[in-house]
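Given next are the chains, with one letter for each unit.
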Amino acid sequence: MLHLQKILILDFGSQYTQLIARRIRESNVYSEIHSHEFPIQKIKEEKPQGIILSGGPMSVYDSDSPKIDKEIFELGVPILGICYGLQLLTINNNGMVEPAEKREYGKAKISITQRDDLFKNIPDESIVWMSHGDYVTKLPENFIVTSKSENSPICSISNSSKKFYGVQFHPEVAHTEFGKQIIDNFIFNICNCKPDWTTINFIDSSIEEIKNKVGNNKVILALSGGVDSSVAAVLLHKAVKENLICIHVDHGMMRKNESADIIKMFKDNYDLNVIHIDASELFLSKLKGVIDPEQKRKIIGNTFIEIFENEARKFHDVEYLVQGTLYPDVIESVSVKGKSVTIKTHHNVGGLPEKMNLKLIEPFRELFKDEVRAIGRELGLPEIFIKRHPFPGPGLAVRVLGEITKERLDILRDVDEIFMNELIDKNIYDKIWQAFSVLLPIQTVGVMGDNRTYENVIALRAVTSTDGMTADWFRFDYEFLENVSNKIIRMVRGVNRVVYDISSKPPATIEWE
Ligand SMILES: Nc1ncnc2c1ncn2[C@@H]1O[C@H](COP(=O)(O)OP(=O)(O)OP(=O)(O)O)[C@@H](O)[C@H]1O
Ligand SMILES: O=c1[nH]c(=O)c2[nH+]cn([C@@H]3O[C@H](COP(=O)(O)O)[C@@H](O)[C@H]3O)c2[nH]1
Ligand SMILES: NC(=O)CC[C@H](N)C(=O)O
Ligand SMILES: [Mg+2]
């Protein structure tokens, strides 16, 4: 990635920051998100073609709100401020921001009052998406107003000679009609970027970077068999060849036969060095009696690392551990970038122990799942690897709600097998982003063969998504649901009720814990 032109995004905690990155990458320009605390010296070293200041939940005039180093305005680099970003541009250039009487959320119609490069090829009037409670009350020095709406006289501003632009609305969200065009205008017309961020360039530059780091030493890769770590394994193999040691851990919370299938899938397709470790007893003993979801995740993250470090010691010259961590794992786990809130601790990010001997290589840490799939296809991975639904590292531990026991895991494994086979048999698997079943921690009354039962409830979950950041529930037809429900209750002892989860993300999440 070293040689690519890039746009730096400074994150002030907006829920939409990752969307800004996506929109830019969709135009084949590389973009990177950094915390608003990213030091000015580092910004200079990155040599960005342009900088975008994101939105954020705080108010610029609050004393503890995130600030910006004024030197950023002296770099000669084009800047686009979005919402909070525009407000920062304003107060740092002798303008003023105050709380508005009427807050503006959702749809608004803007009219262009002065056409600058940012609004090239945008109609005079268009629909944008607003989400703000503060507004600019005094224009910053040497800026002009470029658009207005019914509710606010200042919807965007610019200082074309310095190439500073600010928009009060969010061009990165799909609801802003010409948002993508506005972002393209910024990156191509104003920052003069070339569309050189392609999967091939990503692969080449990652391989070079990995080679530089690892040298001739051995490197360990945590191989779950899921899409991300499988693509990572093939990428690493290209970079370090026989020095790659893949470790697959069976933590006892995999699906039925999953570990054996994964090892076979790799043996059949690749000449990779894969070590299979059965650590189910260790994991289950550590999780005994634990019901808190976050605690489960942390125990699992720690135990994974314990195992990888034990294995690494057997080789002497291992310095790095490779994981298939993705951007959503990072953003939902820790607020490494802006001031976003922790939703859940992903085992491979927030669930890691504080002190680790191995250093991490995470080639996909800035990427989304669909981007990793595209890289996998470019690297020639067979579709059976690429199309697999995601499976979380903690596995069935976060799907057996409440206490995890071997008995409850076995019930869920049997149910899951039936659900997955039905999806495949009925040709629905590929239409769904992720599907699974959850064993609830309650029992309900049923009647079977004239007898009273008091048994477990299963919730089925199936969602559509592109990147796991947002998701909607899949619309099955009733016949399918009826059939699966019957099969599960008939075939799996201990289950007398099946329900289907019809919540989207947000407000729910995909997994239940
Ligand atoms: N059972 C496992 N053995 C070894 N490493 C694992 C295991 N489960 C997870 N990991 C590591 O944790 C990382 C994150 O898991 P995650 O489930 O997000 O990714 P994945 O399994 O590679 O892909 P997918 O999201 O498609 O399941 C993996 O990329 C892998 O490096
Ligand atoms: O490797 C992982 N380790 C984890 O700890 C973890 N938690 C959730 N997931 C997966 O992430 C995606 C988003 O899930 P949520 O909407 O439940 O946060 C979904 O695809 C989840 O299956 C995890 N993956
Ligand atoms: N979405 C935003 O960036 C909001 C900025 C600021 N908190 C406001 O309410 O105006
Ligand atoms: Mg997985």
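All of these numbers come straight from a predicted model, not from anything done at the bench.

K.L.:
Explanation requested: the environment of N357 in the structure shown.
P.N.:
For N357, the location among the structural elements is in the loop between α10 (327–333) and β14 (359–361). Linking N357 and E319, residues 38 residues apart in sequence, is a C-alpha distance of 8.0 Å.

K.L.:
Just to check I follow, could you spell out the site of ligand 1 for this structure?
P.N.:
The full set close to ligand 1 counts 20 residues, and A222, S224, G226, S229 and G324 are the nearest of them. Sorting the residues of the shell around ligand 1 by element identifies α6 (227–240) and β11 (244–250) as the ones contributing at least two each. Its residues assigned to classes, the shell around ligand 1 comprises 8 nonpolar, 10 polar and 2 charged.

K.L.:
How should the packing of α6 against helix α11 (residues 369–378) be read in this particular structure?
P.N.:
Axes are the key here: two packed helices are described by the angle between their axes and the distance separating the axes. At a minimum axis separation of 10 Å, α6 and α11 run at an interaxial angle of 40°. By the angle between their directions, the pair α6 and α11 is classed as oblique. In this structure, the crossing between α6 and α11 has a hand that is left-handed. Only K369, V372, R373, I375 and G376 of α11 make contact with α6, whose side of the interface consists of V227, D228 and V231. Partitioning the contact of α6 with α11 into residue classes produces 4 nonpolar, 1 polar and 3 charged.

K.L.:
Looking at this structure, how should I read the sheet that holds β11?
P.N.:
Pairing between the strands of a sheet comes from backbone hydrogen bonds, and it takes one of two forms, parallel or antiparallel. Across the sheet, 5 strands lie side by side as β12-β11-β10-β13-β14; this open sheet has parallel pairing. The open sheet has two edge strands, β12 (274–278) and β14, and neither has a second partner. Here the strands of the sheet are splayed against their neighbours by 30° on average, with no regard to which way each runs. Of the pairings in the sheet, the one linking β11 to β12 comprises 5 bridges and is parallel in character. Pairing of H248 across the sheet is with H276, part of β12. Its contacts with the sheet place α6 against β10 (218–222), β11 and β13 (318–322), and it is angled at close to 170° to β10.

K.L.:
Is there a simple way to explain the site of ligand 3 in this structure?
P.N.:
For ligand 3, the full set of nearby residues is S14, G55, G56, P57, M58, S59, C83, Y84, S131, H132, G133 and D134. Looking at side-chain class alone, the shell around ligand 3 contains 4 nonpolar, 7 polar and 1 charged residues.

K.L.:
Teacher, can you tell me more about the environment of D278 here?
P.N.:
Considering the arrangement of structural elements, one finds D278 in strand β12. Using a count of 12 C-beta atoms within 10 Å as the deciding quantity, one classes D278 as exposed. Sequence separation between D278 and I144 is 134 residues, and the spatial gap between their C-alpha atoms is 65 Å.

K.L.:
What is the right way to look at the pairing of β11 in this model?
P.N.:
The two faces of a sheet get side chains in turn, since along a regular strand they alternate between them. Burial within β11 is extensive, with 5 of its 7 residues counted as buried. As judged from the 4 bridges shared by β10 and β11, these two strands associate in the parallel manner. Opposite V219, over in β11, you have L244 as the bridge partner. With α6 bridging β10 and the parallel β11, this β-α-β connection has right-handed handedness.

K.L.:
Would you mind going over helix α13 (residues 406–425) with me for this structure?
P.N.:
For the α-helix, the turn length of 3.6 residues means that residues three or four positions removed from each other point alike. With 20 residues, α13 extends 28 Å from end C-alpha to end C-alpha; this agrees with the ideal 28 Å at 1.5 Å per step. Of the residues making up α13, those classed as buried are L409, I411, L412, R413, V415, D416, F419 and L423. Residues of α13 that are buried sit in contact with β15 (434–448), β16 (451–464), α14 (478–491) and β18 (495–500). Immediately downstream of α13, the backbone of N427 shows phi near 60°, a positive value.

K.L.:
Just to check I follow, could you spell out the UniProt feature "active site" (unreviewed entry) in the protein for this structure?
P.N.:
In the numbering adopted here, UniProt assigns the feature "active site" (unreviewed entry) to C83, H170 and E172. Separation in sequence by 90 residues is not matched in space for these annotated residues, since their most distant C-alpha atoms are only 11.2 Å apart. Within the fold, H170 resides in the loop between β9 (164–167) and α4 (179–190). In this structure H170 touches Y16, G55, I82, C83, W129, S131 and T176, once residues within four positions along its chain are discounted. By the element assignment, E172 lies in the loop between β9 and α4. Here E172 falls in the buried class, since 26 other C-beta atoms lie within 10 Å of it. Residues within four places of E172 in sequence aside, it is in contact with Y16, L19, I20, R23, G179 and I183.

K.L.:
Sorry, what's going on with helix α5 (residues 199–214) here?
P.N.:
Over its 16 residues, α5 extends 22 Å from the first C-alpha to the last, a length consistent with the 22 Å expected when each residue adds 1.5 Å. Taken as a whole, α5 has its buried residues at F202, S206, I210 and V214. The arc enclosing the buried residues of α5, seen along the axis, measures out at 75°, which places them on a common side. Away from its buried face, by an angle of more than 90 degrees, α5 presents the exposed residues I200 and N212.

K.L.:
Could you clarify how one ought to interpret the nonpolar core in this entry?
P.N.:
In a soluble, globular protein the nonpolar side chains are often hidden away together inside. The biggest cluster of nonpolar side chains holds 72 residues, and the ones touching the most others in it are V219, I220, L221, L236 and V322. By residue number, the principal contributor to this core is α6, which donates 8 residues. A domain-level breakdown of this core finds at least three residues from each of domain 2 (213–386) and domain 3 (399–500). Not counting residues within four places of it along the chain, the set of residues in contact with L236 comprises I210, V219, L221, L244 and V322.

K.L.:
Sorry if this is basic, but what is going on with the domain arrangement of the protein here?
P.N.:
How big an interface is tends to be reported as the loss of accessible area on association of its parts. Per the domain assignment, the segments making up the protein are domain 1 (6–190), domain 2 (213–386) and domain 3 (399–500). A C-alpha centroid distance of 45 Å is found between domain 1 and domain 3.

What counts, and where the lines are drawn
Residues numbered from 1 in each chain as written. Chains lettered and ligands numbered in written order. Predicted model: local features only at pLDDT ≥ 70, side-chain atom pairs only at ≥ 80, totals over all residues. Helix = DSSP H or I, 4+ residues; strand = E, 2+ residues; numbered from the N terminus. Near = placed C-beta within 6 Å. Nonpolar A, V, L, I, M, F, W, Y, C, P; charged D, E, K, R; others polar. Axes fitted to C-alpha atoms, helices over the stretch in contact; angles between N-to-C directions. Parallel < 35°, antiparallel > 145°, perpendicular 65-115°, else oblique. Left-handed = near helix turned anticlockwise from the far one by under 90°. Contact = placed C-beta atoms within 7 Å. Pairing = 2+ DSSP bridges. Buried ≥ 20, exposed ≤ 12 C-beta atoms within 10 Å, placed from the backbone. Right-handed = clockwise from strand over helix to strand, strands pointing away. Expected span 1.5 Å × (residues − 1). UniProt positions renumbered as here; feature names shortened; annotations may be inferred. Arc of directions from axis to C-beta. Core = buried A, V, L, I, M, F, W, Y, C linked by C-beta atoms within 7 Å. Domains from an automatic or database assignment.

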